[in-house]
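Spelled out from the first residue to the last, the chains are:
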Amino acid sequence: MPLALLALAVGAFGIGTTEFVMMGLLPDVADDLHISIPTAGHLVSAYALGVVIGAPLLAAATARMSRRTVLIALMGLFVAGNALSAVAPGEYSLLAARFVSGLPHGAFFGVGAVVATGMVAPERRARSVSLMFLGLTVANIVGVPAATAMGQQLGWRATFLGVSAIGVAAIASLVALIPRDHAPAPATGLRGELAALRSVPVWLALGTTVAGFGALFAAYSYVTPMLTDVAGYAESSVTLLLALFGVGATAGNLLGGRLADHSLRGTLFGGLVSLAVVLGLFPLLMHTHAGAALGVALLGMAAFITGSPLQLMVMEKASAAPSLASSANQAAFNLANAGGAWIGGLTLAAGLGATSPATAGAALAVLGLGVAATAWAVDRRRAAAAGSVGRVVAGHVPEPAEAVRR
């Protein structure tokens, strides 16, 4: 694997850290800015909104630029957003800074995935994407706990200065390790990139992402009360258990990348089935300490097995112009985050019990499997139609009986 993938992983590590660290810093930020914790929670939403808006917008705006240059510029915007967060004087300026920090997120992963797959042989494409995503999953094990501890000891502003430093290191890595000739300006331009989004298979792939990762976030958004109120863990143990989720996600990400290079759709189907099973078993696993710890790790593994296959599938369906579609897939991940959390919250509000979000997540995983199966059926019909056209052009029109056999 090219060393240049390390540069992409460093950027992903910084992005993953700044995305998730705010959850641990909410009480500190709320106290410092004299706002309530629910109001401080809007800072999480502001970042997610930046991701959803920025992913397709920045990918479209930079369609004619060298992808190497785009990655460096996106990481520069990331550094600026986090530096502004560190010096924000009040609630509204911090909201704006968090929005700016989220803007480059989706486009970085989207364009980075295109660059990563362009540097390796075709049989290693999914593995290259998983190595880029490795920075994101490792951030949940190392980056987020370390950044949270820094914020608690030195103040939350120090955390964002530290994340900015990671962004600077990522820029230096991108400049040093990504050769110019491996990330040229795409020939299609904006019009070609936009044309990719008119494809039904692309939208089915994006729909699979929303449903599949919506299943994860329906449960994961409320995993802390499950661990404390149902499994009986002390609040002080939750951080370690969430690190187990990161370990599972890292293992699943690497496993999914390796398996998807052998069977892309088989890995996707297997991951979604595994996710549905794990979430379906969650209410049972949460009744013992050991079962809850195992369930959290398996949840991370099952969910992230599908990460690389979903990203690669979107890129393949938009193979003529993958940057915008690949970035749109990152927006779909964040829509899944918001939508899954909302659906999980509805089950709690309905009084269905602390583990009911996991059951809702299992239903969403089954829905994702249905969307993926529909996409597979559409691909088969299109392939059959293309084969029929090819035989007609070649001068061979199959007899009715022959057509039925095929």
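Scroll up to find the structure this text is about.
Below you will find a few notes about this structure.

What to know about the pattern of salt bridges
Throughout the structure, instances matching the rule amount to 5 salt bridges. Between Asp32 and Arg157 there is a salt bridge whose closest N-O contact spans 3.7 Å. Of this pair, Asp32 sits in helix H1 (residues 4–33) while Arg157 sits in helix H7 (residues 156–177), placing them 125 residues apart in sequence. Residue classification places Asp32 among the partly exposed residues on the basis of a relative accessible area of 38%. Residue Arg157 is classed as partly exposed on the basis of its relative accessible area of 26%.

What to know about unusual backbone geometry
For His34, which is not glycine, the phi dihedral falls at a positive 60 degrees. Position of His34 relative to the elements: it lies in the loop between H1 and helix H2 (37–40). The class of His34 is exposed, set by a relative accessible area of 73%.

Side note on the nonpolar core
Counting residues in hydrophobic clusters, the biggest one holds 55 residues, and the most contacted among them are Phe213, Leu216, Leu227, Leu275, Leu279, Phe282 and Leu299. Broken down by element, this core gets its largest block of residues, 10 residues, from helix H9 (residues 200–220). Listed in part, the 36 residues of the second largest apolar core include Ala12, Val115, Leu136 and Val144.

Some remarks on the packing of H9 against helix H12 (residues 264–285)
At their nearest, the axes of H9 and H12 sit 11 Å apart, and the two run at 25 degrees to each other. The pairing of H9 with H12 is recorded here as roughly parallel in orientation. As for how H9 packs across H12, the hand of that crossing is left-handed. Contacts between H9 and H12 pair Thr208, Gly212, Ala215, Leu216 and Ala219 from the former with Leu268, Leu272, Leu275 and Leu279 from the latter. Residues of the contact of H9 with H12, tallied by class, amount to 7 nonpolar, 2 polar and no charged.

Things to note about the side chain of Gln330
Relative to the assigned elements, Gln330 resides in helix H15 (residues 322–349). Looking at Gln330, its side chain comes within polar contact range of the side chain of Gln311, at 2.7 Å. Residues in contact with Gln330, not counting those within four places in the same chain, are Val51, His105, Gly106, Phe109, Gly110, Phe133 and Gln311.

Topic: the layout of surface pockets
Over the atoms a probe the size of a water molecule is rolled, and this reveals where empty space is left. If you add up the space inside the largest pocket, you get close to 1,000 Å³. Looking at the largest pocket, it is lined by 28 residues, and the ones nearest its centre are Phe20, Met23, Gly24, Tyr220 and Leu242. Counting residues per element, the ones that place at least two in the lining of the largest pocket are H1, helix H3 (42–61), helix H6 (125–154), H9, helix H10 (223–230), helix H11 (238–260) and H15. Counted by class, the lining of the largest pocket contains 18 nonpolar, 10 polar and no charged residues. Lining the second largest pocket, in full, are Val52, Pro56, Leu197, Trp203, Leu206, Gly207, Val210, Ala328, Ala331, Ala332 and Leu335. Of all elements in the fold, only H3, H9 and H15 reach the threshold of two or more residues within the lining of the second largest pocket.

Digging into empty space enclosed by the protein
Applying the stated criterion across every chain, the model contains 3 cavities of 30 Å³ or more. For the lining of the largest cavity, the elements supplying multiple residues, two or more each, are H1, helix H5 (91–118), H6, H9, H11 and H15. Residue composition of the lining of the largest cavity, grouped by class: 11 nonpolar, 7 polar and 1 charged.

Remarks on helix H4 (residues 67–87)
The end-to-end C-alpha distance of H4 is 31 Å, a good match for the 30 Å that 21 residues give at a rise of 1.5 Å each. Buried residues of H4: Arg67, Arg68, Val70, Leu71, Leu74, Met75, Phe78, Val79, Gly81, Asn82, Ser85 and Ala86, and no others.

Regarding a nonpolar patch on the surface
On the surface, a nonpolar cluster with roughly 360 Å² of combined accessible area is contributed by Val273, Val277, Leu281 and Leu284. Along the polypeptide, Leu281 turns up in helix H12. The class of Leu281 is partly exposed, set by a relative accessible area of 40%.

The rules behind each value
- Residues numbered from 1 in each chain as written.
- Predicted model: local features only at pLDDT ≥ 70, side-chain atom pairs only at ≥ 80, totals over all residues.
- Heavy atoms only, no water.
- Salt bridge = Lys/Arg side-chain N within 4 Å of Asp/Glu carboxyl O.
- Helix = DSSP H or I, 4+ residues; strand = E, 2+ residues; numbered from the N terminus.
- Buried < 20%, exposed > 50% of the residue type's maximum accessible area, 1.4 Å probe, protein only.
- Core = buried A, V, L, I, M, F, W, Y, C linked by side-chain atoms within 4.5 Å.
- Axes fitted to C-alpha atoms, helices over the stretch in contact; angles between N-to-C directions.
- Parallel < 35°, antiparallel > 145°, perpendicular 65-115°, else oblique.
- Left-handed = near helix turned anticlockwise from the far one by under 90°.
- Contact = heavy atoms within 4.5 Å.
- Nonpolar A, V, L, I, M, F, W, Y, C, P; charged D, E, K, R; others polar.
- Polar contact = N/O pair within 3.5 Å; in protein donor to acceptor, adjacent residues only side chain to side chain.
- 1 Å grid on protein atoms, 1.4 Å probe; cavity = no way out; pocket = protein on both sides within 12 Å on 5 of 7 lines; lining within 4 Å.
- Points joined across faces, edges and corners; volume = space filled by probe spheres on them.
- Expected span 1.5 Å × (residues − 1).
- Patch = residues over 30% accessible without salt bridge, like charges linked within 9 Å, V, L, I, M, F, W, Y side chains within 5 Å.
- Areas by Shrake-Rupley, 256 points an atom, 1.4 Å probe, with all protein chains shown as cover.

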